Amino acid sequence: MNRFGGIINHLTKKFSGNVSEKGVCKITSSSVFDKYLPKNVVDYDNQNQRHVFSSLIEQDSWIKFDFVGRVVHPNAYSIRTTIHKRGDVHLKNWVIEGSNNDKSWKVLDSRKDESSFINPSSENTFNISMLDNEYYRYIRLRQNGPNFKGTGQLVMSKFELFGTIK
């Protein structure tokens, strides 16, 4: 399986470019550190290892995907860490949430003390643990505990969703 060959990649190909820049999927975050924008996590063709997303150092940092005129039924997702050294700001604790009104959120998957991202440029795909029949306009990854460095900074280089879109 191609870890980054899911829904967002499909939309990237269909609309010939970064889905955030094209307005197909609005990607926002709780904050942004410097030039490390949320849209970078779906720029799959960019091989620059410093082309990543980073929030400020704050608790409950998040990145949100608004599928605008579409809804998704996710069943899995993939994440790639950055080139930061082993045990640095890589993800360790998070939840994946879905919403249709951007106010009330349902937890779809939860990871605590996940060890697969301790190393630089690590990738992993996770199944959604709380599958339902719901479709969601918004999907959010929210860091709900410290990263490997012990801070609330949310940093990643790639994110992808798998499932159904309509």
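Read on for an overview of the structure. (Residues numbered from 1 in each chain as written. Predicted model: local features only at pLDDT ≥ 70, side-chain atom pairs only at ≥ 80, totals over all residues. Heavy atoms only, no water.)

1. What to know about the pattern of salt bridges
Per the stated rule, a full pass over the model turns up 10 salt bridges. Asp60 is the salt-bridge partner of Arg142, the closest N and O atoms lying 3.5 Å from each other. Remark: Asp60 occurs in the loop between strand E2 (53-54) and strand E3 (62-66) and Arg142 occurs in strand E8 (residues 138-143); sequence separation between them is 82 residues. Here Asp60 falls in the partly exposed class, since its relative accessible area comes to 41%. Between Asp109 and Arg111 there is a salt bridge, and its shortest N-O distance comes to 2.8 Å. (Salt bridge = Lys/Arg side-chain N within 4 Å of Asp/Glu carboxyl O. Helix = DSSP H or I, 4+ residues; strand = E, 2+ residues; numbered from the N terminus. Buried < 20%, exposed > 50% of the residue type's maximum accessible area, 1.4 Å probe, protein only.)

2. A look at unusual backbone geometry
Peptide bonds are trans in most cases, and residues, glycine excluded, mostly fall at negative phi. For Asp60, which is not glycine, the phi dihedral falls at a positive 55°. Positive phi is not limited to glycine here, since Asp113 has a value of about 50°. Structurally, the position occupied by Asp113 is in the loop between strand E6 (106-111) and strand E7 (123-127). Assessed through its relative accessible area of 46%, Asp113 is described here as partly exposed.

3. Considerations on the sheet that holds E8
The strand order across the open sheet built from five strands is E1-E3-E8-E5-E6, with neighbouring strands paired in antiparallel fashion. Across the chains shown, the open sheet's two edge strands, defined by having one partner strand only, are strand E1 (26-29) and E6. Along the sheet, successive strands turn relative to each other by an average axial angle of 15°, direction set aside. For strand E5 (residues 94-99) and E6, the ladder comprises five bridges, and the chain directions are antiparallel. Each bridged residue has a counterpart across the sheet, and for Gly98 the counterpart in E6 is Lys106. (Pairing = 2+ DSSP bridges. Axes fitted to C-alpha atoms, helices over the stretch in contact; angles between N-to-C directions.)

4. Quick notes on the packing of aromatic side chains
Applying the stated criterion across every chain, the model contains eight aromatic pairs. Centre to centre, the rings of Phe65 and Phe159 are 4.8 Å apart; their planes meet at 20°, and the pair counts as stacked. Of this pair, Phe65 sits in strand E3 while Phe159 sits in strand E10 (residues 158-165), and the two are 94 residues apart along the sequence. Take Phe65: its relative accessible area is 0%, and that puts it in the buried class. Taking 5.8 Å as the distance between ring centres and 35° as the angle between the ring planes, the aromatic pair formed by Trp94 and Phe117 counts as tilted. In this pair, Trp94 is assigned in strand E5 and Phe117 in the loop between E6 and E7, connecting sequence segments 23 residues apart. Accessibility classification places Trp94 together with Phe117 in one group, the buried group. Among the aromatic residues, those joined into a ring-pair cluster are Phe65, Tyr77, Trp94, Phe117, Phe126 and Phe159. (Phe/Tyr/Trp six-rings, centres within 6.5 Å; stacked < 30°, edge-to-face > 60°.)

5. Here we look at helix H1 (residues 7-14)
Within H1, the full set of buried residues consists of Ile7, Ile8, Asn9, Leu11 and Thr12. The inward-facing, buried residues of H1 contact E3, strand E4 (72-80) and E10. At the exit of H1 stands Ser16, carrying a positive phi of roughly 55°. (Contact = heavy atoms within 4.5 Å.)

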